[in-house]
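# Examination of the molecular architecture
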Amino acid sequence: MTDRYRVSLPEKFSFEHYEWFRGIYNEAIIACKPVELICSKVTFLDSAALGMIASFHKGLKSVSNNDLFVSSPSMYCDELFQLANMYGRYIHLQPVS
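Residues numbered from 1 in each chain as written. Predicted model: local features only at pLDDT ≥ 70, side-chain atom pairs only at ≥ 80, totals over all residues. Heavy atoms only, no water.

## Notes on the nonpolar core
Leu-9, Val-35, Leu-37, Leu-45, Ile-53, Phe-56 and Phe-81 are the most contacted members of the largest nonpolar core, which totals 29 residues. At 7 residues, the largest contribution of residues to this core is made by helix H2 (residues 47-64). Not counting chain neighbours up to four residues away, the residues in contact with Phe-81 comprise Cys-39, Leu-45, Leu-50, Ile-53, Val-70, Met-86, Tyr-87 and Ile-91. (Core = buried A, V, L, I, M, F, W, Y, C linked by side-chain atoms within 4.5 Å. Buried < 20%, exposed > 50% of the residue type's maximum accessible area, 1.4 Å probe, protein only. Helix = DSSP H or I, 4+ residues; strand = E, 2+ residues; numbered from the N terminus. Contact = heavy atoms within 4.5 Å.)

## Some points on helix H3 (residues 75-83)
All of the buried residues along H3 are Cys-77, Leu-80 and Phe-81. Looking straight down H3, one finds that the buried residues subtend no more than 100 degrees of arc, so they occupy a single side. Opposite the buried face of H3, at more than 90 degrees from it, the exposed residues are Met-75 and Leu-83. Each element contacted by the buried residues of H3 is listed here: strand E4 (44-45), H2 and strand E5 (68-71). Following H3 by one or two positions, Asn-85 adopts a phi angle in the positive range, close to 55 degrees. (Arc of directions from axis to C-beta.)

## A closer look at the pattern of salt bridges
All chains considered together, the criterion is met by 3 salt bridges. Measuring nitrogen to oxygen at the nearest pair gives 3.6 Å for the salt bridge that ties Glu-36 to Arg-6. Pair noted here: Glu-36 is in strand E3 (residues 35-38) and Arg-6 is in strand E1 (residues 5-8), with a separation of 30 residues, a long-range link. Notably, a salt bridge pairs Lys-61 with Asp-67, separated by 2.9 Å at the nearest N-O pair. (Salt bridge = Lys/Arg side-chain N within 4 Å of Asp/Glu carboxyl O.)

## Describing the side chain of Arg-4
Position of Arg-4 among the secondary structure elements: in the segment before E1. No salt bridge forms around the buried Arg-4; measuring N to O, its nearest opposite-charge neighbour Glu-36 is 4.1 Å away. Residues in contact with Arg-4, not counting those within four places in the same chain, are Lys-33, Pro-34, Glu-36, Phe-69 and Gln-94. (Lys, Arg positive; Asp, Glu negative; His and termini not counted.)

## Overview of the packing of aromatic side chains
Evaluated as defined, the whole model comprises 7 aromatic pairs. Ring plane angle 70 degrees and centroid distance 5.4 Å describe the contact between Tyr-25 and Phe-56, whose orientation is recorded as edge-to-face. Of this pair, Tyr-25 sits in helix H1 (residues 18-31) while Phe-56 sits in helix H2; the two residues are 31 residues apart in sequence, bridging distant segments of the chain. Each member of the pair, Tyr-25 together with Phe-56, is buried. Through a chain of ring-to-ring contacts, the aromatic side chains of Phe-13, Trp-20, Phe-21, Tyr-25 and Phe-56 assemble into a single cluster. When the ring centre of Phe-69 is taken as reference, the NZ or CZ atom of Arg-4 above it lies at 3.8 Å. (Phe/Tyr/Trp six-rings, centres within 6.5 Å; stacked < 30°, edge-to-face > 60°. Lys NZ or Arg CZ within 6 Å of the ring centre and 35° of its normal.)

## A word on the environment of Tyr-5
Position of Tyr-5 relative to the elements: it lies in strand E1. Take Tyr-5: its relative accessible area is 18%, and that puts it in the buried class. As a C-alpha pair, Tyr-5 and Phe-69 span 64 residues in sequence and 10.0 Å in three-dimensional space.

Written as structure tokens, this is what we have:
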């Protein structure tokens, strides 16, 4: 498995986490690695959180050409990513190993 910058998203991920997520974004850009968002505990995402993830992908791609992966998405999170058409466009699903 490639070396990745791993981030566990909080159970309720919303605009309230903007500053925290911005810090994660900056650290990931400096690390210059693909990023893995661990979503196993996520039970709530708002539209701002989806926007932050999409922006994270765009910034990561433009600065380092690395990808953004999601691992172990909760059922809620997986359904929301599918409905929002995030897979393949902004994020990639990390295969179970």
